[in-house]
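Here's the letter readout for the chains.
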Amino acid sequence: MRAAVLHGGKILVRDDVEEPVPGPGQVLVEVAACGICGSDLHFAQHGAEMLDLGRRMEGLARSSAELDLDRDVYLGHEFSGRVLEAGPDTTAPAAGTLVTAFPILPRADGGIDTIVYSNTIKGGYGERMILAAPLLLEVPNGLPAHHAALTEPMAVGLHAVVRSGIAAGQRAVVVGCGPVGLAVIAALRVRGVESIVAADFSPARRTLAATMGATEVVDPRQETVWDRAGAATPLVVFEAVGVPGVLDDILRCAPARSRVVVVGVCMGADTVHPYFGISKELSVDFVLGYTPEEFAASLRSIAEGEIDVAPLVTARVGLDGLSWAFDALGDPEEHWKIVVEP
């Protein structure tokens, strides 16, 4: 089959990729759409650094398979697809059913494989892929495949909002209106938060932030987000930039007893002044990913019209356009989400 791979830092399209075969508990799907995630863009440029940080990190179970960047790497975890066939002794939706799924594959030994970066697990940048039957979600309400593929990034935002514990009547601040920040804004709106102040240097992203539910948008070159949000009461602040220096600036400026939720993934070494947080009794949480329940809730919100993802899709390309798309997403004024349709 045809599939795009990352090899030597470049996106290549292979015409002779081995066909995936579903085993027990698995389903083979024809990929209908797969969104390009910012983490894929970052991995393409800084994969070796990311792997090195993973090796140095303790306190988490390690994968038994070491990713080899000198081999083809399969990507694509924001997907939807149509069921083709089920593996042995496996119950699955009827052939042709449009589905999406929590992007993991349970193994017979009790471990799991993630559908994100792999030398062996086929991702959504290919014609076909394997999904776990128990984790399949049928796409309801005639939702288009390229909209259903945005379930995954929307779930990232919902998870951050759930973890924040924000309550009705509290004010939210979202620093950074890239894909993660916009997903946070959408989730805040669905949960009924009435004051959402968002900041970004990009005019296009500020416009999208307002479209997704921000009640006020700020150009940091003209004023600070704190000028709009106010400093009299605690805020719930979402750091969705992931650049060194941003977290420390939030700690310096946020009102006393605010909660800071770090959802932007900063890969570089950073410096913070604990004195800022201690002096104001700030709380800081780092969040990543989502739960199966949040994934399902995000699909439901999109399908029922609570979240309109249509304005976020700025281009749709085939596999041969993937390399162009990776480059095009470097300009925030032109593109937010490009969806691949293999």
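The following refers to the structure shown. Treat the numbers as computed from the prediction; the structure is a model and nothing was measured.

## Focus: the overall build of the protein
Helix and strand counts for the protein come out as 10 helices and 18 strands. Against the 2.2 N^0.38 benchmark of 20 Å for 342 residues, the protein shows a C-alpha radius of gyration of 20 Å, consistent with a compact globule. Taking all 342 residues of the protein together, the buried fraction comes to 52%. Contacts spanning at least 24 positions in sequence make up 70% of the contacts within the protein whose residues lie at least 6 apart. Accessible surface, the protein as shown: approximately 15,600 Å² in total, 52% of it carbon and sulfur. The centroid of the 26 positive side-chain charges in the protein is displaced by 4 Å from the centroid of its 44 negative side-chain charges.

## Concerning the pairing of strand β15 (residues 259-262)
Consecutive side chains of a regular strand alternate in pointing toward one face of the sheet and then the other. In this structure, strand β14 (residues 236-239) lies alongside β15, joined through four bridges in parallel fashion. Counted as the bridge partner of Val237 is Val260 from β15. Crossover connection from β14 via helix α7 (residues 246-253) to parallel β15: handedness right-handed. Of the pairings in the sheet, the one linking β15 to strand β16 (residues 283-286) comprises four bridges and is parallel in character. Residue pairing across strands places Val261 opposite Asp285, the latter belonging to β16. A crossover links β15 with its parallel partner β16, the connecting element being helix α8 (residues 274-280), and its sense is right-handed.

## Thoughts on the sheet that holds strand β11 (residues 171-175)
Sheet architecture is open: six strands sit in the order β13-β12-β11-β14-β15-β16, paired in parallel fashion. Pairing within the sheet leaves two strands with one partner each, and these edge strands are β13 (216-218) and β16. Taking the axes of each pair of neighbouring strands and ignoring which way they run, one obtains an average angle of 20 degrees across the sheet. In the sheet, β11 pairs with strand β12 (residues 195-199) via five bridges, with the strands oriented parallel. Bridge pairing in β12 places Val174 opposite Ala198.

## A look at the sheet that holds strand β1 (residues 3-7)
Spatially, the three strands line up as an open sheet ordered β2-β1-β4, and their pairing is antiparallel. A strand with exactly one partner marks an edge of an open sheet, and here the two such strands are β2 (10-14) and β4 (73-74). Bridge analysis of β1 against β4 gives two bridges, and the strand direction is antiparallel. When the bridges of β4 are listed, Val5 appears paired with Tyr74.

## A short note on the packing of helix α4 (residues 179-190) against helix α5 (residues 203-212)
Viewed as axis vectors pointing N to C, α4 and α5 meet at an angle of 20 degrees, and their least axial separation amounts to 9 Å. As summarised for this structure, α4 and α5 are arranged roughly parallel, according to the angle between their axes. The handedness of the crossing between α4 and α5 comes out as right-handed. Here α4 contributes Pro179, Leu182, Ile185, Ala186 and Arg189 to the contact with α5, which in turn contributes Arg205, Leu208, Ala209, Thr211 and Met212. When the residues that make up the contact of α4 with α5 are grouped by side-chain class, the tally is seven nonpolar, one polar and two charged.

## Focus on the pattern of salt bridges
Enumeration over the complete set of coordinates arrives at 18 salt bridges. Across the salt bridge formed by Arg228 and Glu223, the nearest N and O atoms sit 3.0 Å from each other. In this structure, Arg252 and Asp249 form a salt bridge, with 2.6 Å as the shortest nitrogen-oxygen distance. With Arg252 and Asp249 both in helix α7 and three residues apart, this pair spans about one turn of that helix.

## Quick notes on helix α3 (residues 151-164)
Working note: α-helix, 3.6 residues per turn, so residues spaced by three or four point in the same direction. The terminal C-alpha atoms of α3 lie 20 Å apart, and with 14 residues this matches the ideal 20 Å at 1.5 Å per residue to within 8%. Within the span of α3, buried status applies to Thr151, Glu152, Pro153, Met154, Ala155, Val156, Gly157, Leu158, His159, Ala160, Val161 and Ser164.

## Points about the pairing of β1
Taken across its five residues, β1 has four buried, putting it largely inside the fold. The pairing of β1 with β2 spans five bridges and is antiparallel. Among the inter-strand pairings, His7 is bridged to a residue of β2, identified as Lys10. What sits between β1 and β2 in their antiparallel hairpin is a turn of two residues, with Gly8 showing a positive phi close to 60 degrees.

## Focus: the packing of aromatic side chains
Throughout the structure, instances matching the rule amount to five aromatic pairs. Ring plane angle 75 degrees and centroid distance 6.4 Å describe the contact between Tyr125 and Phe326, whose orientation is recorded as edge-to-face. Here Phe326 lies in helix α10 (residues 322-328) and Tyr125 lies in the loop between β8 (112-114) and β9 (128-132), a separation of 201 residues in the sequence. A relative accessible area of 12% means that Phe326 is categorised as buried. With 5.7 Å between their ring centres and 40 degrees between their planes, Tyr290 and Phe295 make a pair best called tilted. Ring-pair connections join several aromatic residues into one group, and the members of that group are Phe102, Tyr290 and Phe295.

Thresholds, definitions, all that
- Residues numbered from 1 in each chain as written.
- Predicted model: local features only at pLDDT ≥ 70, side-chain atom pairs only at ≥ 80, totals over all residues.
- Heavy atoms only, no water.
- Helix = DSSP H or I, 4+ residues; strand = E, 2+ residues; numbered from the N terminus.
- Rg over C-alpha atoms; globule rule 2.2 N^0.38 Å.
- Buried < 20%, exposed > 50% of the residue type's maximum accessible area, 1.4 Å probe, protein only.
- Contact = heavy atoms within 4.5 Å.
- Areas by Shrake-Rupley, 256 points an atom, 1.4 Å probe, with all protein chains shown as cover.
- Lys, Arg positive; Asp, Glu negative; His and termini not counted.
- Charge placed at Lys NZ, Arg CZ, Asp CG, Glu CD.
- Pairing = 2+ DSSP bridges.
- Right-handed = clockwise from strand over helix to strand, strands pointing away.
- Axes fitted to C-alpha atoms, helices over the stretch in contact; angles between N-to-C directions.
- Parallel < 35°, antiparallel > 145°, perpendicular 65-115°, else oblique.
- Left-handed = near helix turned anticlockwise from the far one by under 90°.
- Nonpolar A, V, L, I, M, F, W, Y, C, P; charged D, E, K, R; others polar.
- Salt bridge = Lys/Arg side-chain N within 4 Å of Asp/Glu carboxyl O.
- Expected span 1.5 Å × (residues − 1).
- Phe/Tyr/Trp six-rings, centres within 6.5 Å; stacked < 30°, edge-to-face > 60°.

Any functional reading would require information that these geometric values do not contain.
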